[in-house]
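Results of the structural survey
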Amino acid sequence: MVRLITHNLLACHAKGCTTNNFPLKLQGIVVEVREAEFNAEFLRGFLPRIEWTALVNAARELGDTSLPTEMPEMVDNDFLKNLHHVLLEMHIDEGAMICPNCGHKYPILNGIPNMLLAEHEIG
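Residues numbered from 1 in each chain as written. Predicted model: local features only at pLDDT ≥ 70, side-chain atom pairs only at ≥ 80, totals over all residues. Heavy atoms only, no water.

Moving on to the overall build of the chain. Looking only at helices and strands, the chain features four helices and five strands. Starting at the N terminus and walking to the C terminus, you meet the elements of the chain as β-α-β-α-α-α-β-β-β. Computed over C-alpha atoms, the radius of gyration of the chain comes to 15 Å, within 12% of the 14 Å expected from 2.2 N^0.38 for 123 residues, which places it in the range of a compact globule. On the principal axes, the C-alpha backbone points of the chain span a range of 50 × 30 × 20 Å. Counting over 123 residues, the chain shows a buried share of 40%. Put simply, of all contacts in the chain between residues at least 6 apart along the chain, 69% involve residues at least 24 apart. Surface accessibility of the chain: about 7,200 Å² in total, with carbon and sulfur atoms responsible for 51%. (Helix = DSSP H or I, 4+ residues; strand = E, 2+ residues; numbered from the N terminus. Rg over C-alpha atoms; globule rule 2.2 N^0.38 Å. Buried < 20%, exposed > 50% of the residue type's maximum accessible area, 1.4 Å probe, protein only. Contact = heavy atoms within 4.5 Å. Areas by Shrake-Rupley, 256 points an atom, 1.4 Å probe, with all protein chains shown as cover.)

What follows is the structure in structure tokens.
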């Protein structure tokens, strides 16, 4: 399933696409919110791996403005709950992710992204 935790890790790997290939742009997205168990320790451990600006921009594209523009120095429970919601409860069911560099389109169908490349697109 595509959630923003997944989206924040994905980049385009089409042949010759090595710069400006992250973050993938979201297009025609259908989002469903599904509750997930809150785990503060997991979030604290994952926080250093997040590309913050990309996450905030993607969340805003999906209509969520609960995250601050800058990552806070002090992480409290309210912040972690907002982060949990954005990363783990917002599921992208339909749409596409588009490479900002080469324009390659990665469709999302039934929550599953198709990241496969055609043979001529493989570097």
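This paragraph deals with the packing of aromatic side chains. This model, assessed by the stated rule, comprises two aromatic pairs. The interplanar angle of 15° and the centroid separation of 5.8 Å between the aromatic rings of Phe 42 and Phe 46 together place this pair among those described as stacked. With Phe 42 and Phe 46 both in helix α2 (residues 40-46) and four residues apart, this pair spans about one turn of that helix. Under the relative-accessibility criterion, Phe 46 is labelled buried at 9%. Here the aromatic rings of Trp 52 and Phe 79 are separated by 5.7 Å at their centres, their planes lie at 35°, and the arrangement is tilted. Of this pair, Trp 52 sits in helix α3 (residues 52-61) while Phe 79 is found in helix α4 (residues 77-89), placing the two residues 27 residues apart along the sequence. Classification of Phe 79 as buried rests on a relative accessible area of 7%. (Phe/Tyr/Trp six-rings, centres within 6.5 Å; stacked < 30°, edge-to-face > 60°.)

Here Asn 114 lies in the segment after β5 (112-113). The exposure class of Asn 114 is partly exposed, given its relative accessible area of 36%. Asn 114 has contacts with Tyr 106 and Pro 107, leaving out every residue within four places of it along the chain. Side-chain polar atoms of Asn 114 contact the backbone nitrogen of Leu 116, separated by 3.0 Å. (Polar contact = N/O pair within 3.5 Å; in protein donor to acceptor, adjacent residues only side chain to side chain.)

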